[in-house]
Amino acid sequence: MTRLAPRATAPATTRPAGAALAVLLLAWAGAASAAGAALAIAAPPASPAGWALLPLVAAVVGLALLVGLRQLVLVVAALLPTRRAAAPPLPDPAPDARVAILYPVADDFRADVVRRSARQTHPGTRVVVLDDSRDPAVGERIAALGAEGVVEVHRRADRSGAKAGNLNRWLERHGHEVDHVVVLDADQEAEPGFVAGALARVAAHPDAAVVQGTILARASATAFSRDFAGLFERHAALQLAGRARLGIGAFCGRGAMLDVAAVRAAGGVPELVMEDTALTVELARQGRAVVAAPELVTVEDAPIDHAAFAVQFGKFTEGAAQLLVRSRRAVVDRRLPVRRRIDLQLELLVPIAAALVPVALCAWALLAAATGAPAFPWQLGLPLAALGVVPLLPETAHRIRSRGPVRGLAFGLRASMLYASVALVAARGLAAVAVSRRARFRITPKVRVGGDAAALLRRRALELAAAAAAIALAVLWAGRPEAAMPVVAVAVAAMAFGLRDALDARGPAPQRLRATTAVGARERA
């Protein structure tokens, strides 16, 4: 891993080392105990094996309740009205500040968004394409834009460290030439005033290492993108607002300005799949802040179809599992605020819970069916499901208001199916990290999948195989195929989205629609 400089040692603090760990363990124990009591009372096992399984299922359910409560706190914090005096005007940005917009790309270059991002009002802003592409045609398009003088082009001999390694290599060679960098994804464009606005925020917050802007979603003409771009966008906006309200701002990996000196002092960008979260933690250890700037807007493509979304979620799961192991000491790190330590662990546990809950529910259903015990109780399933859909509620409520209750509730059902459909993808990612001890950095596909029925079945092979195995076990062991429903429901949801994408792919190639679902534009309208 490339390191730009030794990490500085933050001054000792009086924060208790074990406070965050104690809070997390007590909260988990409380949630798991409540879940275990509910299971024992409402659905008592009928065999010793059932009683042995009960604490394991209760622990998983308790974990899911805990991460669901975190999501609820973030949403409430974002939506809670405040009575604050009008904020003072931001100071003028430093006119001589040296800024580079960095575009790490790997065969996913888009000249149109780079051209638009290059139209910054701040004088002397550089635009740099960090080209890790292997496709010669992509390299030629990048070189052509470089020849026009729109961008600088930098390439490296290897692709080690993925995106973080690409950023570190440029910072190692050219970081002394700039004061700040703006990191954008290959499909992301920044509004013309982004750099100037971010510099104004820096002038107002001298401790800021990151100024994180709002990330809007650009829908394409695919059915999936049109349907869910607003959901992804509103979720990101609420996360930004909620974190800012709670004082736990985070770098999102793109759409942000970074202070080069702070990044170098932290040892560079951690070369992990979740480099954004890891860098946020390293900067917090240095006492540097992440400032939310919702008025600064970037626009990126929403996932084009379910296959792209599944790749995204799988990468998130693997990255979270990797960082959860790497950051295990962060929970007792005195340099981090207690709330930062708690939030970090719960954030990384979100995909872990998503992977484990269907497995736990299926195990309980199979054993209950085989022994004649009651099924999983609705009294516990209802709060579990309610907390699971909390991130979907703001966009669902918006659609109910704007499109009527029937269409709004139908969207809520589709959104619930969407996140349920990637549970087995999360389980596979978790298993992959457990076996290989590493996470894979994968670029979200930008071209929608097509093909015939055979291609669809191949893409959904994981879900179909898991559902078939669960049904076979339920029939052979318990004589009740419905006991496999937790896994079958995941497979059905995945197949439904796969079928819709396959049918949609038979139409014309999708055209991107510039920020047609943007929360800001929609609310202003």
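Above this text sits the structure in question.
Being a predicted model, the structure only gives us computed values, none of them experimental.

Chemist: Before we go on, may I ask you to explain the overall build of the protein chain in this structure?
Modeler: Check the secondary structure of the protein chain and you find 19 helices and nine strands. Each principal axis of the C-alpha distribution contributes one length, and for the protein chain these read about 75 × 60 × 50 Å. Here the protein chain holds 525 residues, and the buried ones make up 52% of them. Here the contacts in the protein chain between residues at least 6 apart in sequence split such that 84% fall between residues at least 24 apart. Across the protein chain, the centroid of the 61 positively charged side chains sits 5 Å from that of the 42 negatively charged ones.

Chemist: Help me out: how do you make sense of the nonpolar core in this one?
Modeler: One recurring pattern in soluble globular proteins: nonpolar side chains tend to sit buried together. Val57, Val61, Leu346 and Trp364 are the most contacted members of the largest nonpolar core, which has 35 residues in total. Elements with a minimum of two residues in this core: helix H1 (19-42), helix H2 (48-79), helix H11 (338-371) and helix H12 (378-388). In terms of residues, this core owes the most to one element, H2, which gives twelve residues. Once residues within four sequence positions are removed from consideration, Val61 is found in contact with Ala35, Phe376, Leu380 and Leu384. The next biggest cluster of nonpolar side chains, apart from the first, holds 27 residues, and it includes Val105, Val138, Ile142 and Val195.

Chemist: I would appreciate a short explanation of the pairing of strand E4 (residues 180-183) in the present structure.
Modeler: Two faces, one strand: in a regular strand the side chains alternate between the faces of the sheet. Alternating positions in E4 separate into two faces, His180 and Val182 on one and Val181 and Val183 on the other, with burial throughout. Pairing analysis gives four bridges linking strand E1 (residues 99-105) to E4, with the strands arranged parallel. Each residue of the ladder has a partner; that of Ala100, found in E4, is Val181. Looking at chain direction, E4 and strand E7 (residues 256-259) are connected through four bridges and run antiparallel. Across the sheet, the residue bridging to His180 is Asp259, located in E7.

Chemist: Looking at this structure, how should I read the pairing of strand E6 (residues 208-220)?
Modeler: In terms of burial, E6 is a largely internal element, 13 of the 13 residues being buried. Across three bridges, E6 lies against E7 in antiparallel orientation. In the sheet register, Val211 faces E7, and the bridge partner there is Met257.

Chemist: Explain unusual backbone geometry to me, please; I cannot follow it from the model alone.
Modeler: The bulk of non-glycine residues show a negative phi, and the bulk of peptide bonds are trans. The backbone of Asp107 shows a phi angle near 70°, a positive value even though the residue is not glycine. Locating Asp107 in the fold gives a position in the loop between E1 and helix H3 (111-117). Judged by its relative accessible area of 34%, Asp107 is partly exposed. A positive phi angle, near 50°, is found at Ala162, a position not held by glycine. Tracing the backbone through its elements, the reader meets Ala162 in helix H5 (residues 162-174). Take Ala162: its relative accessible area is 23%, and that puts it in the partly exposed class.

Chemist: Which parts of the structure should I look at to understand the packing of H2 against H11?
Modeler: For any two helices packed against each other, one specifies the crossing angle of their axes together with the interaxial distance. Interhelical geometry of H2 versus H11 gives an angle of 145° and a closest axis separation of 8 Å. Judged by the sense of rotation from one axis to the other, the crossing of H2 with H11 is left-handed. Where H2 approaches H11, its residues Ala49, Gly50, Leu53, Leu54, Val57, Val60, Leu63, Ala64, Leu66, Val67, Arg70 and Gln71 are matched on the opposing element by Asp343, Leu346, Glu347, Leu349, Val350, Ala353, Leu356, Val357, Ala360, Ala363, Trp364 and Leu367. Of the residues in the contact of H2 with H11, the class split is 19 nonpolar, two polar and three charged.

Chemist: Would you mind showing me how to read the side chain of Ser133 here?
Modeler: With respect to the helices, strands and loops of the structure, Ser133 is situated in the loop between strand E2 (126-131) and helix H4 (136-147). Side-chain polar atoms of Ser133 contact the side chain of Asp131, separated by 2.6 Å.

Chemist: Please clarify how a nonpolar patch on the surface should be interpreted in this entry.
Modeler: On the surface, Leu21, Leu25, Trp28 and Val332 cluster together into a nonpolar patch covering about 330 Å² of accessible area. Within the fold, Leu21 resides in helix H1.

Chemist: Would you mind going over the environment of Ile101 with me for this structure?
Modeler: Its place among the elements puts Ile101 in strand E1. Along the chain, Ile101 and Ala223 lie 122 residues apart, while their C-alpha atoms are 32 Å from each other. Look past the residues within four positions of Ile101 in its chain and what remains in contact with it is Ser117, Gln120, Thr125, Arg126, Val127, Val128, Val182, Leu184 and Val195.

Chemist: Sorry if this is basic, but what is going on with the pattern of salt bridges here?
Modeler: If the charged atoms of two oppositely charged side chains come close together, the side chains can form a pair. Considering all chains together, one arrives at 33 salt bridges under this definition. In this structure, the salt-bridge partner of Asp333 is Arg335, at a minimum N-O distance of 3.0 Å. Taking the relative accessible area as the measure of exposure, Asp333 reaches 10% and is therefore buried. Here Glu395 ties to Arg399 by a salt bridge, and the two come within 2.9 Å at their closest N and O atoms. Here the residue Glu395 and the residue Arg399 both occupy positions in helix H13 (residues 393-403), the gap between them amounting to four residues, near one helical turn.

Chemist: Looking at this model, I keep getting lost on the packing of H1 against H11. Mind explaining?
Modeler: Between H1 and H11, the least distance of the axes is 11 Å, while the angle of their chain directions is 25°. By the angle class used here, H1 and H11 are roughly parallel. The element H1 and its partner H11 pack so that their crossing is right-handed. Between H1, through Ala19, Ala20, Val23, Leu24 and Leu39, and H11, the contact on the second element is made entirely by Val338, Arg341, Ile342, Gln345, Leu346 and Trp364. Each residue belonging to the contact of H1 with H11 can be placed in one class, and the counts come to nine nonpolar, one polar and one charged.

Quick notes on the rules
Residues numbered from 1 in each chain as written. Predicted model: local features only at pLDDT ≥ 70, side-chain atom pairs only at ≥ 80, totals over all residues. Heavy atoms only, no water. Helix = DSSP H or I, 4+ residues; strand = E, 2+ residues; numbered from the N terminus. Buried < 20%, exposed > 50% of the residue type's maximum accessible area, 1.4 Å probe, protein only. Contact = heavy atoms within 4.5 Å. Lys, Arg positive; Asp, Glu negative; His and termini not counted. Charge placed at Lys NZ, Arg CZ, Asp CG, Glu CD. Core = buried A, V, L, I, M, F, W, Y, C linked by side-chain atoms within 4.5 Å. Pairing = 2+ DSSP bridges. Axes fitted to C-alpha atoms, helices over the stretch in contact; angles between N-to-C directions. Left-handed = near helix turned anticlockwise from the far one by under 90°. Nonpolar A, V, L, I, M, F, W, Y, C, P; charged D, E, K, R; others polar. Polar contact = N/O pair within 3.5 Å; in protein donor to acceptor, adjacent residues only side chain to side chain. Patch = residues over 30% accessible without salt bridge, like charges linked within 9 Å, V, L, I, M, F, W, Y side chains within 5 Å. Areas by Shrake-Rupley, 256 points an atom, 1.4 Å probe, with all protein chains shown as cover. Salt bridge = Lys/Arg side-chain N within 4 Å of Asp/Glu carboxyl O. Parallel < 35°, antiparallel > 145°, perpendicular 65-115°, else oblique.

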